[in-house]
Amino acid sequence: MLDEGRMELVDHFTWAANMSFDHFVRAKFAPYPNWTKSYGKQKAREFRYQLPSFDPRSHHFLSDAFYDGTEAIRQHMVDRDLWEEDHSVASGSDSADAFWLSHLCNQAPPYPAGLSVVDWQCHLYTAGQDTEWCKAVGEDDDYFYSFNNRSTYMGDCGTCDCCRKVKPPSVSDENRTCCILFNDLFLNYTVTSDVSRCMARAVREGPPGSSHGSLLISDMLAVFWCLFPVVVATIGVLRKRSQSVVRMRFSPDQVRRVGRVARIWTRPLTTEPAEELVSEATSSSEVAVMRPERILFASLEHVIEHSGGREKAIAGGLGKVAGLMCRYHPGSLICVTACMPGKDYAFAEPIGHVTVRVSGHELNVKVLRSEVVNEPGSNGDDEGPASIAYYILDHPIFRDRDDIYPAPQTARRTLEFYSLWCQSVARIIDLEAPDVYHCPDFHGAMAVMYIERPLPVLLVLHNAEYQGSISTQHMGRREARHLADVFNLPADRIRHETFIEGKFCMLKPIVDYAKKYQRGFGVCAVSRNYALEASLKHTVLWGLPELRGIENCMPETERGSAAKLGDKAEYEKARADAKRFVQEKYGLRQDPDARIFVFLGRWVKQKGVD
């Protein structure tokens, strides 16, 4: 806590110290002085949550504010006579502030209630003061100083770099000893004038007549209960292996079957090639690999090549991936997308419509189709899809949007857009019966709730921060009925397949689908580092056996400018000329040996700029 405030263990998980004060001081609990982890208090913060706009009650609903923070918890418990005034709870959050100790032997701050100077205020530098001074000074006779970390707890400081807070008044006419208790299991603490509470408790002796025999029995029981789960788990693993369970992993270009028996789950389910592959895998210890021939890729971002030019709708990296897939993906590719406002899709041929139901109304979605057949070697090599079938979905709801991805998520029109999109994608899946459904991010994730026949799916997370979530309120049965009407699904399915931790999540259905039909395999992210981060951060992904990271590739044929250069000397000269051009254009120091760092992407945390 303080250097002179070493605490002693006085009871189970409970530490104590008797300390004398004649003025107000600030302190935190910590295992050792200067320890990086410490425990303090959080001031009460007001929260108000409103209902989403799709809920009719939102027009007349005004929620009561509730408060967060350790001080709010303490006041809640005291008001209900569950705690005494001297009880409180600590927080290990990085934003937790130090608490007050004083001769009053309570947790009251030195300022009258409501006095604004208890908050951090902006400090204007004077002569000889700068940022380094603010970080190092700590305090003077009148103020505490702190560099602004831009947290909510320093919000009153505004945009100033240096903040200050008035120091408490000193008390010199009274010196009093207080007892301070801290429980490191529950993180609750007590500040009281009853110093006897900081005395060590005597350990209660066991009942008379206890013998070493009873202790031995207890030890044996403890060992048994420790080993029992391990034995049960081992037996379960051996039984599964004896049954030759097949584990399926899906990647963008192949489906692997691992095990002694490889059962193919493709279109149709029972075909002669599948039986031949099963018998071949059974007679050999090698892993049988099947390359799916027809992949369906559904994305709102698209790059469509046609004889008259190119139509594209790109918001970020997913649009670039969509364009590369159409050029280099092996096998036949089926691309499903939706019309964008202001775009001309006259090159595509109308082939009919699909009927879906949104918010209780039947809607006919016009289906346009354009097919590109690539001859071998037409792109300069033998790579790339043999054929691409573009399905373009057209409806006024698709045309009436301001951006590729409509917002806000809580708006009913946004939910109706995604309902229309997912149901239409499901109808195209049923029509084409592809080998694999490739789903990027959450936008088409709910399509698996509408398909008539299961098929392997591949989910690739380009940005798992966006999950199509509504978390402005706790979702219950009434909200499930509203969403069920929008998405044309039973309310029970909405509750069980899209609700997680009280919020609506459009990504959850396809993750659960992968768990049910694919043992959790087939979920990827766009890099190994991002896969690790997402698997730890997002609860919807917890429980998956793996979240595989696949690096965004750059086909060698895209490196045409480097390939055109001749020998190494010519290549090095081109690099030197390019470096000199960049240095001149952006006013950098002219240095042929300098390193230039180039970042291509949005300047946001998700891209790793931190």
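Here, the structure is the one placed above.
Below or above, wherever it landed, is the structure these notes cover. Note that the structure is a prediction, hence the values are computed from the model and not measured. (Residues numbered from 1 in each chain as written. Predicted model: local features only at pLDDT ≥ 70, side-chain atom pairs only at ≥ 80, totals over all residues. Heavy atoms only, no water.)

Concerning the state of the cysteines
For step 1, the next point in the chain: Within the structure shown, the criterion is met by four disulfides.
For step 2, the next point in the chain: Between the sulfur of C105 and that of C178 lies a disulfide, 1.9 Å long from S to S. Taking the torsion about the sulfur-sulfur bond, which here is approximately -85 degrees, the covalent link between C105 and C178 counts as left-handed. Of this pair, C105 sits in the loop between β7 (99–101) and β8 (121–122) while C178 is found in strand β11 (residues 176–183), placing the two residues 73 residues apart along the sequence. (Disulfide = S-S within 2.5 Å. Helix = DSSP H or I, 4+ residues; strand = E, 2+ residues; numbered from the N terminus.)

Regarding the packing of helix α7 (residues 412–432) against helix α8 (residues 477–487)
For step 1, the next point in the chain: Remark: α7 packs on α8, axes separated minimally by 8 Å, with the N-to-C direction vectors making an angle of 50 degrees. As far as their axial angle goes, α8 and α7 are oblique. Contacts between α7 and α8 involve R412, L415, E416, Y418, S419 and Q423 from the first element and L483, D485, V486 and F487 from the second.
For step 2, the next point in the chain: Of the residues contributing to the contact of α7 with α8, the split by class is five nonpolar, two polar and three charged. (Axes fitted to C-alpha atoms, helices over the stretch in contact; angles between N-to-C directions. Parallel < 35°, antiparallel > 145°, perpendicular 65-115°, else oblique. Contact = heavy atoms within 4.5 Å. Nonpolar A, V, L, I, M, F, W, Y, C, P; charged D, E, K, R; others polar.)

What about the nonpolar core?
For step 1, the next point in the chain: One finds V336, W421, Y437, F487, F504 and I510 to be the most contacted residues of the largest nonpolar core, which totals 94 residues.
For step 2, the next point in the chain: Top contributing element to this core by residue count: α7, with 10 residues.
For step 3, the next point in the chain: Ignoring anything within four residues of it in the chain, the contact list for V336 reads L296, F297, A298, S299, Y391, L393, W421, V425 and I428. (Core = buried A, V, L, I, M, F, W, Y, C linked by side-chain atoms within 4.5 Å. Buried < 20%, exposed > 50% of the residue type's maximum accessible area, 1.4 Å probe, protein only.)

Things to note about a nonpolar patch on the surface
For step 1, the next point in the chain: On the surface, L221, F224, W225, F228 and V232 cluster together into a nonpolar patch covering about 530 Å² of accessible area.
For step 2, the next point in the chain: Relative to the helices and strands, F224 resides in helix α3 (residues 212–242). (Patch = residues over 30% accessible without salt bridge, like charges linked within 9 Å, V, L, I, M, F, W, Y side chains within 5 Å. Areas by Shrake-Rupley, 256 points an atom, 1.4 Å probe, with all protein chains shown as cover. Salt bridge = Lys/Arg side-chain N within 4 Å of Asp/Glu carboxyl O.)

Quick word on the sheet that holds strand β19 (residues 332–338)
Hydrogen bonds along the backbone pair up the strands of a sheet, which may run parallel or antiparallel.
For step 1, the next point in the chain: If you trace the nine strands from one edge of the open sheet to the other, you get β20-β21-β22-β19-β16-β23-β24-β28-β29, paired in mixed fashion. This sheet does not close on itself; its edge strands, each paired only once, are β20 (349–358) and β29 (548–549).
For step 2, the next point in the chain: Where helix α10 (residues 508–518) meets the sheet, it contacts β23 (436–440), β24 (457–461) and β28 (523–525), and its direction lies at approximately 140 degrees from that of β24. (Pairing = 2+ DSSP bridges.)

Quick look at the packing of aromatic side chains
Ring pairs (aromatic) are described by centroid distance and by the angle formed between their planes.
For step 1, the next point in the chain: This structure, assessed with the given rule, holds 15 aromatic pairs.
For step 2, the next point in the chain: Look at F99 and Y189: their rings are 4.9 Å apart centre to centre, the planes differ by 25 degrees, and that puts the pair in the stacked class. Of the two residues, F99 is situated in strand β7 and Y189 in strand β12 (residues 188–192); the sequence distance between them amounts to 90 residues. Both residues of the pair, F99 and Y189, belong to the buried class.
For step 3, the next point in the chain: A connected cluster of aromatic rings, assembled from ring pairs, spans F29, Y39, F99, F182 and Y189.
For step 4, the next point in the chain: The ring of Y143 is capped by R164, whose NZ or CZ atom sits 4.1 Å from the centre of that ring.
For step 5, the next point in the chain: Cation over ring: K585 sits above Y586, and NZ or CZ is 5.8 Å from the ring centre. (Phe/Tyr/Trp six-rings, centres within 6.5 Å; stacked < 30°, edge-to-face > 60°. Lys NZ or Arg CZ within 6 Å of the ring centre and 35° of its normal.)

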